[in-house]
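Residue-level listing of the chains:
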Amino acid sequence: MIGQAFRAELFKLWRNRWSLFWAFGFMPVFGLVAGLIEETSVRAYVGDLLPYANPLRYGYAGLGTTQSSLFQVFAIVGAAILFAGEYRWETWRAILPRTDRTAIMIAKLLLFALAASVSILASGVGRFLVGLYDAMLTGQADAPSDPWLGLLTGFGGALLQLMLTGALVMAVAVLSRSLMAAIVAPLVILVAIDLTAIRFRIETGELWLAALPNFAGRAIHESGLLLLGEPDAIGVHLAIPGAIAMMLWTAVLAIVAIVAFQRQDLSRE
Amino acid sequence: MTHALETTGLGKSYGAVTALSALDLSIPKGMVYGVLGPNGAGKSTLLRMVLGLVTPSRGGFRLLGETNINATVLRRVGAMIEAPSLYPFLTARDMLRMAARMSGFREAGREEAVLARVGLTDAADRKARTFSMGMRQRLALGAALLARPELLILDEPTNGLDPAGIQEMRTLVRELVDQDGVTIILSSHLLDEVEKVCDRVAILNHGKLIAEGRVADLVSGRGAIFIAATPIAKALAIAGPRARAQGDGIRVDIAREEAPALIRALSAGGVDVFEARWANQSLEDVFLSSTAASGAGAS
């Protein structure tokens, strides 16, 4: 039943192209275009900063851009469309008699994971193309040996951070039954976490920082950099606790959403 | 006999507000069953509980013979509850495709057949947000019919339809029952439509069942007599509390066999009778008198 609900949700999201682009497609495209403009401008006004380019390192940086607050904002909008859309369009009564409540929520979460994964990969590929462009301009290219574990680590960190954001939106959407609340409340929480993070530095290495998603995400990203041969990576020891913390946060929020939805009376959506 | 729906003491409360009291209702298979009642009577609450959208506060029900109500049972039911529930960005065809995927239903050509049946073939590739209310209603009905349900629950299915559309809907409802063997539970405010299409009805008021039975039984033998007479005050006094002034005479709610005695009593009492005309009670009369009596009882 989860598979059937997933197919239906995928079909629905695919047909909602405008929302799909703005939620999951805009940032990768923006990253690509901005990167090309940046490289061209730097080349024109500054010249070659480095005598060679490293497209894979660019691609890795692209994976990391999805952890930025700006990217998270678009992910919040995408998650809100997925999880709060049924309340907005009053469509729960059309689909719930066809499927199970837990199945539909899991299907939506899996679909968010798929959309987020594609968006992260697209960001990485976009920046990789920028790196190739840079290599074309400089005429030299370099690549780390055996980069796959590093790239996978970077991808995993970005996905974990986006999944936590998605699960937060999922819980707020169910509890508030409102598309607007599902966007605004996570945005406020995101800003609050960012403001909190300003007061601390990952270099201190305090373990509790791993509980904050932006530090946890940064630590995983840094550990990926280490695997790519970057010796100056910082906060690497927070990567595993950070990954565990983000998985726990995601699981708790998703369970809260599913349990609340199971008990929710839909006398009106 | 297996019933499409059997409720036993089914009720729902929201805090101190009782939306539906302990309802005992049996809806046989193979008929159009009307659920009537004024706004706030508990009709939508009943239908939402049956569809698993609302959890009962008390009692229980058996749906298509099953007490364990899960998606497997509910997939045998098609439903259109309150306003049509559609995704604005999906076309009519895509709405049906999405519904089919969600239901795990596959049958080649079924979407096209359903679109034709609800008269939306020409609008199949238009997005739902461009639809009129009547077209939205037709599409929601199509989605309900898609997976060949055994039971169809229709809440105000003629809302937004023009007279021709209402006629088509009536024909479609009867065809589904008489030819396809579908059971239909229909809630509507259009009582003349209900009278024309339903085999049996339940009337709810203030969350309670106040009348139930075959439409023919509910309206038969009951009615009113209009008597053009003068003086009206004297006629009203003789006819008693069931009489009320109407135009140049009185209208009295009595059984048909009581009419001759009433006319004789009026003549004997010195009232000049010019005309007496019998009017059968309609379902609307039954509904209004039942809900009025129930409302008086409740207050």
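Residues numbered from 1 in each chain as written. Chains lettered and ligands numbered in written order. Predicted model: local features only at pLDDT ≥ 70, side-chain atom pairs only at ≥ 80, totals over all residues. Heavy atoms only, no water.

Visitor: How should helix α4 (residues 110–117) of chain B be read in this particular structure?
Guide: For the α-helix, the turn length of 3.6 residues means that residues three or four positions removed from each other point alike. All names here are of chain B. Taken together, the buried positions of α4 are Arg110, Glu111, Val114 and Leu115. For α4, the arc enclosing every buried residue in end-on projection is 135°, short of the 170-degree limit, so these residues lie on one face. Elements that come into contact with the buried residues of α4 comprise α3 (92–103) and α5 (133–145). Two residues or fewer after α4 comes Gly119, characterised by a positive phi angle close to 75°. (Buried < 20%, exposed > 50% of the residue type's maximum accessible area, 1.4 Å probe, protein only. Helix = DSSP H or I, 4+ residues; strand = E, 2+ residues; numbered from the N terminus. Arc of directions from axis to C-beta. Contact = heavy atoms within 4.5 Å.)

Visitor: Before we go on, may I ask you to explain unusual backbone geometry in this structure?
Guide: Note on backbone geometry: most residues besides glycine have negative phi, and most peptide bonds are trans. Look at the link from Thr230(B) to Pro231(B): it is a cis peptide, with omega at -5°. Residue placement: Pro231(B) occurs in the loop between β10 (222–230) and α9 (232–239). Of note in the backbone geometry, Arg177(A) takes a positive phi value of approximately 60° without being a glycine. In this fold, Arg177(A) is placed in the loop between α7 (148–176) and α8 (179–198). You will see that Glu156(B), though not glycine, has its phi angle at about 50°, which is positive. Relative to the helices and strands, Glu156(B) is located in the loop between β6 (151–155) and α6 (163–178).

Visitor: Which parts of the structure should I look at to understand the packing of aromatic side chains?
Guide: Two aromatic rings are characterised by how far apart their centres lie and by the angle between their planes. A complete count under the given rule lists 13 aromatic pairs over all chains for this structure. Ring geometry for Trp89(A) and Tyr87(B): centres 5.8 Å apart, planes at 75°, overall edge-to-face. One end of the pair, Trp89(A), is in helix α4 (residues 69–89); the other, Tyr87(B), is in the loop between β5 (77–80) and α3, on a second chain. You can call Trp89(A) partly exposed: its relative accessible area is 21%. Ring centres of Tyr87(B) and Phe89(B) lie 5.8 Å apart, and the angle between their planes is 45°; this geometry places the pair in the tilted category. According to the relative accessible area criterion, Phe89(B) is buried, its value standing at 8%. Over the ring of Phe261(A) we find Arg101(A); its NZ or CZ atom is 5.2 Å from the centre of that ring. (Phe/Tyr/Trp six-rings, centres within 6.5 Å; stacked < 30°, edge-to-face > 60°. Lys NZ or Arg CZ within 6 Å of the ring centre and 35° of its normal.)

Visitor: Is there a simple way to explain the packing of α3(B) against α5(B) in this structure?
Guide: If you want to describe how two helices pack, look at the angle between their axes and the distance between the axes. All names here are of chain B. Two elements in contact, α3 and α5, have axes separated by 9 Å at closest approach and are oriented at 30°. Classified by the angle between their axes, α3 and α5 sit roughly parallel to one another. Relative to α5, the crossing made by α3 is right-handed. Of α5, the residues touching α3 (which contributes Ala92, Met95 and Leu96) are Leu139, Gly142 and Ala143. Among the residues making up the contact of α3 with α5, the classes are represented as five nonpolar, one polar and no charged. (Axes fitted to C-alpha atoms, helices over the stretch in contact; angles between N-to-C directions. Parallel < 35°, antiparallel > 145°, perpendicular 65-115°, else oblique. Left-handed = near helix turned anticlockwise from the far one by under 90°. Nonpolar A, V, L, I, M, F, W, Y, C, P; charged D, E, K, R; others polar.)

Visitor: I'm lost on the nonpolar core in this one. Help?
Guide: One finds Leu63(B), Ile153(B) and Ile184(B) to be the most contacted residues of the largest nonpolar core, which totals 159 residues. Apart from residues lying up to four places away in sequence, Ile153(B) is in contact with Leu47(B), Val50(B), Leu51(B), Val77(B), Gly78(B), Ala79(B), Met80(B), Ile81(B) and Ile185(B). (Core = buried A, V, L, I, M, F, W, Y, C linked by side-chain atoms within 4.5 Å.)

Visitor: How should I be thinking about the sheet that holds strand β7 (residues 183–187) of chain B in this particular structure?
Guide: Strand pairs in the sheet, formed through backbone hydrogen bonds, run parallel or antiparallel to each other. All names here are of chain B. One open sheet holds the six strands; their spatial order is β5-β6-β7-β3-β8-β9, and the pairing between them is mixed. One side of each edge strand has no neighbouring strand; the edge strands of this open sheet are β5 and β9 (208–214). Neighbour-to-neighbour, the strand axes of the sheet open up by a mean angle of 15°, direction not taken into account. Here β5 pairs with β6 via four bridges, running parallel. Its bridge partner lying in β6, Val77 is registered against Leu151. Sheet strands in contact with helix α1 (residues 43–50) are β3 (32–36), β6, β7 and β8 (200–205), and its direction is about 150° off that of β6. Along the sheet face, α5 touches β5 and β6 and points at about 165° away from the line of β5. (Pairing = 2+ DSSP bridges.)

Visitor: I would appreciate a short explanation of the packing of helix α6 (residues 101–138) of chain A against α7(A) in the present structure.
Guide: All names here are of chain A. At a closest axis distance of 10 Å, the pairing of α6 and α7 adopts a crossing angle of 140°. Relative to α7, the element α6 lies oblique. Classified by chirality, the crossing of α7 by α6 is right-handed. The residues of α7 that touch α6, namely those facing Met105, Leu109, Phe112, Ala113, Ala116, Ser117, Ile120 and Leu121, are Phe155, Ala158, Leu159, Leu162, Met163, Gly166, Met170 and Val174.

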